[in-house]
Amino acid sequence: MVAATTPDIVESALGTLRTVLEYIGTLAFAISGAVAAGRKRMDLVGAIVLACIVAVGGGTMRDLMLDQPVFWMESPSYLLVAAATGLVVAILARWHPPDRLDRYRIVQLSDTAGLAVFVVVGTGIALDAGASAVVAAVMGVVTGVGGGVIRDMLANDVPDVFRNGQFYATAALAGASVYALLLWMDVPRLVAFWVPIAVVLAVRLGSLKFGWGVPTIGGKRVDLDWHETHPDDDAR
């Protein structure tokens with residue numbers, strides 16, 4: 001029996017960590033999809049469908065563009081986790097109205113968590129598939145924002161990636177670029193894995209908290225979520 005070498009142990013640990021984080025990201029994105037469905041007063045089926053689309057949409061787009069097997073078709077457990085999450089959130093929403101959940105920015109916070117995880121995972125998958133660093137960074141962005149774009153379109157919202165000048169795709173691109181750069185610099189894989197996740201979280205949460213972002217067209221920024229949940233204020 002040949003003893004495992006240190007690099008083999010590290011790679012195995014990173015593989016396990018990546019799988020765990022994929023499920024965490026799936027859960028986080030599914031929550032954002034289901035809550036968005038509740039905010040739009042969709043029914044149970046709508047909540048489950050939206051949860052699943054957000055959870056697997058970006059990864060599906062990535063795999064199709066990389067000409068790789070679609071991940072959830074090989075491992076349906078991701079889709080099952082998303083569907084179960086949508087069901088649970090829809091049931092809980094019966095006792096906790098969506099407008100109350102919006103006060104705690106559940107959609108934005110869970111979406112941020114999923115974004116950070118999926119950007120790094122998507123970039124890594126693209127690199128493992130033989131993509132260049134630039135293409136891998138783009139695939140990381142697609143993985144992170146793709147599901148949310150589809151969610152917002154189905155919910156008849158302006159996609160967050162284009163909304164109100166906030167750093168969303170920018171946060172994703174920053175994290176994906178940092179990850180590809182750290183791997184190119186041969187930084188230890190464990191460090192290279194966590195640093196870009198922290199970058200995405202810092203940029204996105206900073207944008208939400210402090211209003212960081214890019215210039216918008218047409219004047220000052222507007223809190224679109226507030227106007228959707230408080231339509232009566234627009235008439236005053």
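My aim in this report is to walk through the structure given alongside it, one point at a time. None of the values given here were measured: they were computed from a predicted structure. (Residues numbered from 1 in each chain as written. Predicted model: local features only at pLDDT ≥ 70, side-chain atom pairs only at ≥ 80, totals over all residues. Heavy atoms only, no water.)

1. Notes on the overall build of the protein chain
Scanning the protein chain for helices and strands turns up 10 helices and zero strands. Going residue by residue from the N terminus, the α and β elements of the protein chain occur as α-α-α-α-α-α-α-α-α-α. Partitioning the contacts of the protein chain with sequence separation of at least 6, the portion at a separation of at least 24 is 74%. For the protein chain, the accessible area works out to roughly 12300 Å², and carbon and sulfur atoms hold 68% of it. (Helix = DSSP H or I, 4+ residues; strand = E, 2+ residues; numbered from the N terminus. Contact = heavy atoms within 4.5 Å. Areas by Shrake-Rupley, 256 points an atom, 1.4 Å probe, with all protein chains shown as cover.)

2. Quick word on helix α7 (residues 133–154)
In this model, α7 (22 residues) spans 32 Å end to end at C-alpha, consistent with the 32 Å of a helix rising 1.5 Å per residue. Of all the bends found along α7, the most pronounced is centred on valine 145 and spans about 40°. Taken from the residues just after α7, asparagine 156 is the one with a positive phi, measuring 60°. (Expected span 1.5 Å × (residues − 1). Bend = angle between axes of the 7 residues up to and from the residue.)

3. Some remarks on the packing of α7 against helix α8 (residues 169–184)
Direction vectors running N to C along α7 and α8 enclose 140°, while the axes themselves pass 8 Å from each other. By the angle class used here, α7 and α8 are oblique. Where α7 crosses over α8, the handedness of that crossing is right-handed. Packed against α7, whose contacting residues are Ala133, Ala137, Val141 and Val145, the element α8 presents Ala169, Ala172, Leu173, Ala176, Ser177 and Ala180 at the interface. Classifying every residue of the contact of α7 with α8 by side-chain character gives nine nonpolar, one polar and no charged. (Axes fitted to C-alpha atoms, helices over the stretch in contact; angles between N-to-C directions. Parallel < 35°, antiparallel > 145°, perpendicular 65-115°, else oblique. Left-handed = near helix turned anticlockwise from the far one by under 90°. Nonpolar A, V, L, I, M, F, W, Y, C, P; charged D, E, K, R; others polar.)

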